[in-house]
Amino acid sequence: FFQYCLSGHPTLPCNVLKFKSTTIMLDCGLDMTSTLSFLPLPLVQSPRLSKLPGWVLKDGSTFLDKELKECSGHVFVDSVPEFCLPETELLDLSTVDVILISNYHCMMALPYITEYTGFTGTVYATEPTVQIGRLLMEELVNSIERVPKAQSASMWKNKEVQRLLPAPLKDAVEVSMWRKCYTMPEVNAALSKIQLVGYSQKIELFGAVQVTPLSSGYALGSSNWIIQSHYEKVSYVSGSSLLTTHPQPMDQASLKNSDVLILTGLTQIPTANPDGMVGEFCSNLAMTVRNGGNVLVPCYPSGVIYDLLECLYQYIDSAGLSNVPFYFISPVANSSLEFSQIFAEWLCHNKQTKVYLPEPPFPHAELIQTNKLKHYPSIHGDFSNDFKQPCVVFTGHPSLRFGDVVHFMELWGKSSLNTVIFTEPDFSYLDALAPYQPLAMKCVYCPIDTRLNFIQVSKLLKEVQPLHVVCPEQYTQPPPTQSHRTDLMVDCQPPAMSYRRAEVLTLPYKRRYEKIEIMPDLADSLVPLEIKPGISLATVSAVLHTKDNKHVLQLPPKPPQPPASKKRKRVSDDVPECKSLKPLLSGSIPMDQFVQTLEKHGFSDVKVEDTAKGHIVLLQEAETLIQLEEDSTHIICDNDEPLRVKLRDLVLKFLQKF
Amino acid sequence: MPEIKVTPLGAGQDVGRSCILVSIAGKNVMLDCGMHMGYNDDRRFPDFSYITQNGRLTDFLDCVIISHFHLDHCGALPYFSEMVGYDGPIYMTHPTKAICPILLEDYRKITVDKKGETNFFTSQMIKDCMKKVVAVHLHQTVQVDEELEIKAYYAGHVLGAAMFQIKVGCESVVYTGDYNMTPDRHLGAAWIDKCRPDLLISESTYATTIRDSKRCRERDFLKKVHETVERGGKVLIPVFALGRAQELCILLETFWERMNLKAPIYFSTGLTEKANHYYKLFITWTNQKIRKTFVQRNMFEFKHIKAFDRAFADNPGPMVVFATPGMLHAGQSLQIFRKWAGNEKNMVIMPGYCVQGTVGHKILSGQRKLEMEGRQILEVKMQVEYMSFSAHADAKGIMQLIRQAEPRNVLLVHGEAKKMEFLKQKIEQEFHVSCYMPANGETTTILTNPCIPVDISLGLLKREAAIGPLPDAKKPKLMHGTLLMKDNSFRLVSPEQALKELGLAEHQLRFTCRVHIQDPRKEHETVLRVYNHLKGILKDYSVQHLPDGSITVESILIQATAHSEDQGTKVLLVSWTYQDEELGSYLTSLLKKGLPQST
């Protein structure tokens, strides 16, 4: 049982589990923090970004000035943004049998895996995960393909060159694994390999392993996975939440009795309280708008945005914001809003109840109906006609490197009336803002990460009591910036086993049993014997059949009738076929009863002698000696087979067979 | 031998008040809890007193499962749970849970408010009943208790309709509810995996019908509607608010658009708009095409179909009206029918099955003079058409489902006895499985033969596996183990481990046989001859000559001594344990035959 760790990012995991005879990939997250090293992709010609000076080395050499540009005191790569892929060399990914997806954020590397590695297996995910995952991918591809970039820089990645670059480029890791974005045909091909599953659905893999998704409470359709055989159970906990937001609550009970619990996707902002952050978000938004400024909210097209819109729905009237337009701009804005309303079964109880009325589960339906919320595929087209300021704009991408958000940063960045509010926790907001400095606009950081914090984790672990915990190394020590906060780490007994990128872990457990089925006719033929009160046993001699990793015991066939022809047999024909096993024996032989039995069977000259350890029974006429001891019986006789067999059977009557 | 018992309380050789009791491995499950549309007296509900004479239903039943929201499958539920008294879990899918209470309330209103019956369930009872409902996802394995699990499969019949697998250990039953094996304009086709249940309980509404292709039926339907409207006639289509109605609306909507028709289409109010809303919110339960395009265009937002007002019925000129209920047994559809029946220009199209006793059934069986309330005679001059749009599997579909699931037995419900008989024969012929069709109150017992799952120690299994595949498949390898049975747990372990776990010592049984051989040579020479002899014959065994002068064959020890009296005779002592019994016995008889003449 091994775990191959292909990603070093704790919230964008990619692990491969070798479990029994199956190879299971758990998530395939795509690390997009790499895009922060690139220049933003402007939607409209930006004089500022197009006139940046090329970067010159200290020694004056200019061979990199096409690839690297200096902007706001930092150096950026001027190229199509690239993403950091999971490790592809640690094991042959074409041997992966299945991929289990836990939520839509953790599947963004899927096309790279399914389309480039010779993968031929099946991907399992819930329907909301697939639908929303598709939207995220569509938005990503769209926002990158919209801004064709002539060049893709590669020279700077050379190890010798990278060494000479300023930080953070110098310290960028795994640059050789950085790849350009996939295309829509690749997305479609990857998604076509997904099989839809529902919570608590038991999926059999090759008869050997059963996998089951469980609600994880973090996002629409998000799941944890149980990977189990009859005797061992691995729980994969990835991106779970105990807060009551829109998704169905987390199923904790089913995680109990795990041999190993793999823990990933905890909150990235362990010190922030999501509720407090939402409050701050609302008040900052209101303040800016009241002062006549615009609010920009860089965000993903699904997830927390639903909760933010719901909060605003309750907040805007009381805050006097009823006339302020809210714009949601994304190529998938409409789809995201529509899809959110049709997954009733994946929602929390309150929202489900609304659907029974029937009413749309999310109030953004009403915001749209009353024209308070408008959505557009992009800033081009209808939006430019409808656009009124001051306003609130929700748009992507949260990295600020591509998507419509780039336009609003350029447009509103120079005025201190405006505010950008960061709610997504995936990117450092200072790094995201770096190419836009100096900035007059206000920046507010309200990261909302509803995933488990360390207090919730220790409570959870106490509750479900796994034998072993496995987690990324980042969780086994306090955050580097807060090294005194020993409460910000996973605390459990025995201590968690940690992993890092490109490491192979041996998981600690030992199987002792396997399931086997006894066919009914064989079961009927068994003769159980009560050996101790409450414990019975039966000896089983049966034929073992193994097919598709399932074992069945059948009644042995009746021995074939000896052939009627009386051909002379060769001596060797009689040699016993196989080393057929006789049962073990146990018990002891009561002296007096044994002698009586012998006499009953016609031995009239039985003589008994006592020895140090037992008795010797003599059958004088037959010149036979039977040594009886506590745990052994020895029959010594002449070569008289009928006699020996008779004595053998008499002895066996007193013994238990095993 | 374990058995599964099935007793229909309703839907046994009948359509209506579906309610089937199943006992499987000590668990009792009630499948559906429907009402009968053909009766207005006690017979409209299943006879629940059959379940238990004295004692609470909750103690006897482990759970109740509702397959879909049609009243003949859930109409008796509030009566059952609130008036008779049941507090256990009731399982149904999310759409069923959403829609079921609305239809129940509608049913209650018609019965109590319009017909003035008393002693019927109240609105509050419907609410209390629904509180006992647990919603299930498709394919989710729901653990009702430690042993009993259920799983829903898509059935396609109406929004949220499901087939249910009920499983205890190795034994299982699948109940289809009502299902449809061909996708239609708004729903997908029923699907089940090869789950090989001991028993498949299938509906058989269309046991003898093989329906022509859906496309032909749709064309026919459109043609008839179109012709009637063209000649200025009125078309009445009695439907149930949810299900067929939506399919036919989609059909007419697209036809009207294509042909640019102007005649108004109405849908009797009440449930309509709400119903369409359910379809929008539960779009994941509709067919692939609708799901794919819903963001661009929601198929359940109709342009041409408007809400109906009672006064419209007397308007002159052509129109098409969808009105509830579907079997013309009460309500608006019956009112409109009475108004329009006298005019031969008009047409009524019955798009679904009608239960015996309903007006729908009477006109479909050719009756043209109907006795209405107050001895009034209604003469039916309008054209009566029947189009099988109800989404039940036809004979072909039922056979297809059996092929998919591979059950060991089949039991038919929800159909007419004569038609069932025909299908039963067909099933038995084609699949060679037993097929049953009990009447209401009649119990069918099916013997099952479940395997017994036990835990085998990995050591024992590996020991067997290590021996590898057999060279000769005809001589199967025997595996020996000891089955330990303790408080219902079964473990198969090696005999050694069994002894150890029970704290028992092994009792060694050993035999030593004296074999006399005539051989004048020296002892060690005799031994050598014996060794060569054995080595020659026992090619598959390990035969060794040890330095101390003894011979071993596997673990059998052979020693030679001179006879105390006769130097020409040697005594071979052959010693083996009981575990080597066969080989030991063979060796003594072999040696007794003497040694071959040395050459």
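Parameters at a glance
Residues numbered from 1 in each chain as written. Chains lettered and ligands numbered in written order. Predicted model: local features only at pLDDT ≥ 70, side-chain atom pairs only at ≥ 80, totals over all residues. Heavy atoms only, no water. Helix = DSSP H or I, 4+ residues; strand = E, 2+ residues; numbered from the N terminus. Rg over C-alpha atoms; globule rule 2.2 N^0.38 Å. Lys, Arg positive; Asp, Glu negative; His and termini not counted. Charge placed at Lys NZ, Arg CZ, Asp CG, Glu CD. Expected span 1.5 Å × (residues − 1). Contact = heavy atoms within 4.5 Å. pLDDT = per-residue confidence, 0-100. Buried area = accessible area lost by both parts, 1.4 Å probe. Salt bridge = Lys/Arg side-chain N within 4 Å of Asp/Glu carboxyl O. Polar contact = N/O pair within 3.5 Å; in protein donor to acceptor, adjacent residues only side chain to side chain. Nonpolar A, V, L, I, M, F, W, Y, C, P; charged D, E, K, R; others polar. Axes fitted to C-alpha atoms, helices over the stretch in contact; angles between N-to-C directions. Parallel < 35°, antiparallel > 145°, perpendicular 65-115°, else oblique. Left-handed = near helix turned anticlockwise from the far one by under 90°. Domains from an automatic or database assignment. UniProt positions renumbered as here; feature names shortened; annotations may be inferred. Buried < 20%, exposed > 50% of the residue type's maximum accessible area, 1.4 Å probe, protein only.

S.K.: Help me out: how do you make sense of the overall build of chain B in this one?
M.R.: When helices and strands are tallied, chain B shows 17 helices and 30 strands. The C-alpha atoms of chain B give a radius of gyration of 37 Å, which is well past the 25 Å a tight globule of 599 residues would have. Treating the 73 positive side-chain charges of chain B as one cloud and the 68 negative ones as another, the clouds have centres 7 Å apart.

S.K.: Would you mind going over helix α6 (residues 214-230) of chain B with me for this structure?
M.R.: The α-helix winds at 3.6 residues per turn, so residues separated by three or four positions along the chain end up facing the same way. Residues and elements named next belong to chain B. If you check α6, its first and last C-alpha atoms are 24 Å apart, about what 17 residues at 1.5 Å a residue would give, namely 24 Å. On its buried side, α6 packs onto β12 (234-238), α7 (244-259), β15 (319-323) and β16 (347-350). Gly 232 sits one or two residues past α6 and shows a positive phi near 85°.

S.K.: What should I look at first to understand the confidence of the model for chain A in this one?
M.R.: Predicted confidence across chain A gives a mean pLDDT of 90, with 97% of residues reaching 70 or more. With pLDDT under 50 throughout, residues 564-572 of chain A is counted as low confidence; its partners more than four residues away or in other chains account for four contacts.

S.K.: Explain the environment of B:Met35 here, please?
M.R.: Residue and element names in this part refer to chain B. Mapped onto the elements of the fold, Met 35 is located in the loop between β3 (27-31) and α1 (57-60). Sequence separation between Met 35 and Gly 75 is 40 residues, and the spatial gap between their C-alpha atoms is 4.8 Å. Leave out the neighbours within four places in its chain, and Met 35 touches Gly 16, Arg 17, Arg 44, Phe 45, Leu 71, Asp 72, Gly 75, Ala 76 and Tyr 107.

S.K.: Which parts of the structure should I look at to understand the interface of chain B and chain A?
M.R.: By a widely used convention, the size of an interface equals the accessible area lost when the partners come together. At the interface, 87 residues of chain B touch 93 residues of chain A. Between chain B and chain A the total buried area reaches about 8,100 Å² when both faces are included, carbon and sulfur atoms providing 59% of it. Across the contact surface, chain B and chain A share six salt bridges. The salt bridge partner of A:Arg648 is B:Glu581, with a shortest N-O separation of 2.2 Å. Here chain B is connected to chain A by 37 residue pairs in polar contact (both at pLDDT 80 or more). A breakdown of the residues in the side of chain B that touches chain A according to their chemical character gives 44 nonpolar, 22 polar and 21 charged.

S.K.: I keep staring at the packing of α6(B) against α7(B) and nothing clicks. Help me out?
M.R.: Packed helix pairs are specified by the crossing angle of their axes together with the interaxial distance, meaning the distance between the axes. All names here are of chain B. It is at 11 Å that the axes of α6 and α7 come closest, and there the two elements cross at 60°. Classed by the angle they form, the pair α6 and α7 counts as oblique. The interaxial crossing formed by α6 with α7 has right-handed handedness. From α6, Lys 214, Glu 218, Phe 221, Leu 222, Val 225, His 226 and Val 229 reach across to α7, where they touch Glu 247, Leu 248, Leu 251, Leu 252, Phe 255, Trp 256 and Met 259.

S.K.: Is there a simple way to explain the domain arrangement of chain A in this structure?
M.R.: Examined at the domain level, chain A breaks down into domain 1 (2-41 + 67-267 + 451-506), domain 2 (274-445) and domain 3 (585-657). Placing a centre on the C-alpha atoms of domain 2 of chain A and another on those of domain 3 of chain A gives a separation of 94 Å.

S.K.: Even after reading the chapter, I still don't get the UniProt feature "domain: Beta-Casp" (unreviewed entry) in chain A, so can you show me in this structure?
M.R.: Under the UniProt annotation, "domain: Beta-Casp" (unreviewed entry) lies at residues 305-433 of chain A. Here residues 305-433 of chain A is 39% helix and 12% strand, with 21 Å between the C-alpha atoms at its ends.

S.K.: I tried to follow the side chain of B:Thr52 on my own but got confused; where do I start?
M.R.: All names here are of chain B. Following the sequence through the fold, Thr 52 ends up in the loop between β3 and α1. Only 3.1 Å separates the side chain of Thr 52 from the backbone oxygen of Asn 54, close enough to count as a polar contact. Not counting residues within four places of it along the chain, the set of residues in contact with Thr 52 comprises Leu 57 and Phe 60.

S.K.: Sorry, what's going on with the pattern of salt bridges here?
M.R.: Think of it this way: side chains of opposite charge can pair up when their charged atoms draw near. Across all of its chains, the model carries 53 salt bridges over all chains by this definition. We note a salt bridge from A:Glu410 to A:Arg48, for which the minimum N-O separation is 3.0 Å. Placement of the pair is A:Glu410 in helix α12 (residues 405-412) and A:Arg48 in helix α1 (residues 47-50), with a sequence separation of 362 residues. Looking at A:Glu410, the relative accessible area reads 18%, which means it is buried. The class of A:Arg48 is partly exposed, set by a relative accessible area of 32%. In this structure, A:Arg501 and A:Glu174 form a salt bridge, with 3.6 Å as the shortest nitrogen-oxygen distance. With a gap of 327 residues between them, A:Arg501 in the loop between β23 (497-499) and β24 (503-506) and A:Glu174 in the loop between α4 (159-162) and β9 (178-180) connect regions that are remote in the sequence. On the basis of relative accessible area, A:Arg501 is assigned to the buried category, the value being 18%. Judged by its relative accessible area of 31%, A:Glu174 falls in the partly exposed class. When salt bridges that share partners are traced, they join A:Glu641, A:Arg644, A:Arg648, A:Asp649 and B:Glu581 into one network.

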